[in-house]
Amino acid sequence: MATQKISNFLTLFAPPRPMAAFPSNLPVLTVAITGAAGQIGYSLAPLIAQGLMFGPHQKVALRLLDLGTAQDALSGVRMELLDCALPLLHSVDITADPHVAFTGADAAVLCGAFPRRPGMERQDLLLTNAGIFKQQGRVIRDAAAAHCRVLVVGNPANTNALILATSGGLNPAHVSALTRLDHNRAVGLIAARLGPTGAAHRQAVIWGNHSATQVPDVESLSSAAAPLSADDAAYFHGEFIPQVQQRGAEVMKLRGLSSALSAAKAIVDHMRDWILGSEGRVVSMAVPSAGNPYGVPAGLIYSFPVTCAAGVWHFAPGAVLTEDIKRRMDASTAELVEERTLAGL
Ligand code: NDP
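Residues numbered from 1 in each chain as written. Predicted model: local features only at pLDDT ≥ 70, side-chain atom pairs only at ≥ 80, totals over all residues. Heavy atoms only, no water.

S.K.: Whenever I open this one, the overall build of the protein confuses me. Can you help?
M.R.: Assigned secondary structure in the protein consists of 12 helices and 11 strands. Taken over C-alpha atoms, the radius of gyration comes to 19 Å for the protein, in line with the 20 Å a tight globule of 345 residues would show. Overall, the C-alpha framework of the protein stretches about 55 × 50 × 40 Å when taken along its three principal axes. Sequence-distant contacts in the protein: of pairs separated by 6 or more residues, those separated by 24 or more amount to 74%. Split by element, the accessible area of the protein, about 15,300 Å² in all, is 60% carbon and sulfur. (Helix = DSSP H or I, 4+ residues; strand = E, 2+ residues; numbered from the N terminus. Rg over C-alpha atoms; globule rule 2.2 N^0.38 Å. Contact = heavy atoms within 4.5 Å. Areas by Shrake-Rupley, 256 points an atom, 1.4 Å probe, with all protein chains shown as cover.)

Written as structure tokens, this is what we have:
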């Protein structure tokens, strides 16, 4: 843990890491954030502007998109960002027009999505969001940089990402959805249960959909770790799984608001590892399932263990799946197939 802290601290003084994801060392990276007047956007924009996503030497231009009704709130966010006097922040543009937000964007984080209202059917939610992500996929295709890496956060995130990639005809390898917060929650709970020594070599993985069917797993890629005691095995096969799955609902109940701070941190982790590289660490990302070594059918955006280098992710091989994990993964697959059908794909 101490070593990790020192290494995080040292990155502040490290020389720039190469960004082979992008054509050359761009003087300013343009980052579009949708739903930027929302809770996650408010926590996320300052982290990016402090250099936590693209490194301490990379200037960023922020394009903040939200609905017309949220433009006053966006103006306030813009004022606060300028008042932070952040040296890496080149500019902040606010808009309700996706063309303005995405033109020339090198990276895009899509938080804006229609929330589920009481009495709303699941299909209505899927179709409403499908409309938003279809349009944004086409605009990203037409206006963003060809190398633009896109992260979908707005729920249902996996299916929204699939709609975006399909309707925009985007390079599927450039589109992903967020399960890193679930992954980080699992990492935190593993450390709390086993302590730093017990957690060493124990790899957290999130499989499947970012929903209650997600599969938090601490064993399939943990062959180098000491075996679990009977008590710990009972915990990780039992209570731990709903603890991770329901963590967001728990925070919401206690705070009265969703987990925006940890979601923003997870977004930064996801994009930084994807674009600058995960340096050999295995992380969870929801990515297109085609070609995966775990038998998940092609045509879905599904969370897998991956490693990343210079803007390219690779499936992490070698996970040994128990029958219980396989059964849970199948249930998450079935949910994603149903969502895809309900969304009209
Ligand atoms: P948040 O900023 O809290 O959340 C944004 C999205 O992220 C929601 O879909 C939310 O889903 C999802 N999300 C929250 N936590 C997580 C997590 N841990 N992992 C993955 N996804 C997560 O919502 P707000 O309501 O504060 O803000 C939404 C903003 O989007 C508003 O400002 C609204 O105006 C805007 N909007 C923009 C649209 C557009 O750009 N076209 C369309 C519709 C809305 P969930 O709610 O299920 O947790």
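Okay, back to it.
S.K.: Even after reading the chapter, I still don't get the packing of helix α6 (residues 157-168) against helix α12 (residues 323-342), so can you show me in this structure?
M.R.: Orientation of α6 relative to α12, taken along the N-to-C sense of each, is 50°, at an axis distance of 10 Å. In terms of orientation, α6 and α12 fall into the oblique class. Considering the relative orientation of α6 and α12, their crossing is right-handed. Across the interface between the two elements, Asn-158, Thr-159 and Leu-162 of α6 pack against Leu-336, Glu-339 and Arg-340 of α12. (Axes fitted to C-alpha atoms, helices over the stretch in contact; angles between N-to-C directions. Parallel < 35°, antiparallel > 145°, perpendicular 65-115°, else oblique. Left-handed = near helix turned anticlockwise from the far one by under 90°.)

S.K.: What's the story with the site of the ligand in this structure? I'm lost.
M.R.: Near the ligand there are 21 residues, and of these Gln-39, Ile-40, Asp-66, Asn-155 and Leu-181 occur at the shortest range. Between the ligand and Gly-38, the relevant distance is 3.4 Å, taken from an oxygen atom to a main-chain nitrogen or oxygen of the residue. When the ligand is considered free in solution it has 920 Å² of accessible area, and contact with the protein chains removes 75% of it. When its residues are assigned to classes, the shell around the ligand shows 11 nonpolar, 9 polar and 1 charged. (Near = heavy atom within 4 Å. Polar contact = N/O pair within 3.5 Å; in protein donor to acceptor, adjacent residues only side chain to side chain. Nonpolar A, V, L, I, M, F, W, Y, C, P; charged D, E, K, R; others polar.)

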